[in-house]
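# Tertiary structure, described
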Amino acid sequence: MTEDRLLVEQLANPKTQRRAFETVVRQYSEKLYWQIRRFVLTHDDANDVLQNTFIKAWQAIGSFHGDSKLLTWLSRIAINESLDFLRHQKNIVTVSTDDDDNTIANTLMADEYFDGDETEAQLQQAIARLPEVQRTVFLLRYYDDMKYSDISRQLGTSEGALKASYHIAVKKISDFFKSHD
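One structure accompanies this document, and this report is about it. Predicted model, so just to flag it, every value in this text is computed and none were measured.

## Notes on the layout of surface pockets
Of the pockets and cavities examined, the largest pocket occupies roughly 430 Å³. Looking at the largest pocket, it is lined by 17 residues, and the ones nearest its centre are Leu71, Thr72, Ser75, Met146 and Gln154. Of all the elements, helix 4 (residues 70–88) adds the most residues to the lining of the largest pocket, at five residues. Tallied by class, residues from the lining of the largest pocket come to four nonpolar, five polar and eight charged.

## Observations regarding the packing of aromatic side chains
Each aromatic ring pair is summarised here by two numbers: the centre-to-centre distance and the angle between the ring planes. One pass over the full model with this rule turns up nine aromatic pairs. Ring centres of Phe64 and Trp73 lie 4.8 Å apart, and the angle between their planes is 35°; this geometry places the pair in the tilted category. Here Phe64 and Trp73 have matching classes, each one buried. Taking 6.3 Å as the distance between ring centres and 75° as the angle between the ring planes, the aromatic pair formed by Tyr148 and Tyr166 counts as edge-to-face. Of this pair, Tyr148 sits in helix 9 (residues 148–155) while Tyr166 sits in helix 10 (residues 159–179); the two residues are 18 residues apart in sequence, bridging distant segments of the chain. Side by side, Tyr148 and Tyr166 carry an identical accessibility label, which is buried. A network of ring pairs unites the aromatic residues Phe138, Tyr142, Tyr143, Tyr148 and Tyr166 as a single cluster. For Arg141, the ring lying beneath its charged end belongs to Tyr148, and the centroid distance is 4.5 Å.

Calculation rules
Residues numbered from 1 in each chain as written. Predicted model: local features only at pLDDT ≥ 70, side-chain atom pairs only at ≥ 80, totals over all residues. Heavy atoms only, no water. 1 Å grid on protein atoms, 1.4 Å probe; cavity = no way out; pocket = protein on both sides within 12 Å on 5 of 7 lines; lining within 4 Å. Points joined across faces, edges and corners; volume = space filled by probe spheres on them. Helix = DSSP H or I, 4+ residues; strand = E, 2+ residues; numbered from the N terminus. Nonpolar A, V, L, I, M, F, W, Y, C, P; charged D, E, K, R; others polar. Phe/Tyr/Trp six-rings, centres within 6.5 Å; stacked < 30°, edge-to-face > 60°. Buried < 20%, exposed > 50% of the residue type's maximum accessible area, 1.4 Å probe, protein only. Lys NZ or Arg CZ within 6 Å of the ring centre and 35° of its normal.

Quick look at the structure:
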C-alpha cells in the first residue's frame, strides 16, 4: 500500500484523522509553501495563505476520496487560496503601467526572506502584470514544471488553451524585459 493511499484511509477514519492530517501538514508544507510563494511573493503572505490552505483542507477532508493524489488536491486548494488572496490584495497585484514603477521588484528586494537577485525580482514584476490565467499557467509550467495535462486537470481548462496562455505569457514577459533594458 502506498503512503498516499494509507494517509487517505487514515484521513477517512475519525480515530486516526487528526494524526494523519498532522502527517499531511508535515509532508506537504514546504512544497505548498513554495507554490504559494510564487503567487503571493512575500514570506508572510505565503505563510498566511498556506495556513488558510490547510484550514480549507481540514474542513473539506471528508469530501476527499482519493480520486486524485493528495498533493494534487492540496495544490488545487493552495492555488485557489493564492488567487483569492491576490484578488483581495489589489495593492499587491496592481502594477502601474509606468515603466519606472518597480513596486513588486522593490517589495521583493526589501523582503528579508527573498533569496533572488534583481533579475528574479524583475521577472516577478513581469509575471504580476499578466492576467490571472496566464500568470497561473506560467507559474505552474515554469516553476513547477507541470505537464499541460496536469494543469488542465487542476484548472479545468483545455490543454490547447493552456498552451496558448503559456505562449502569450512568455511573449509578454520577454517584451517586458526588452522594454526594461
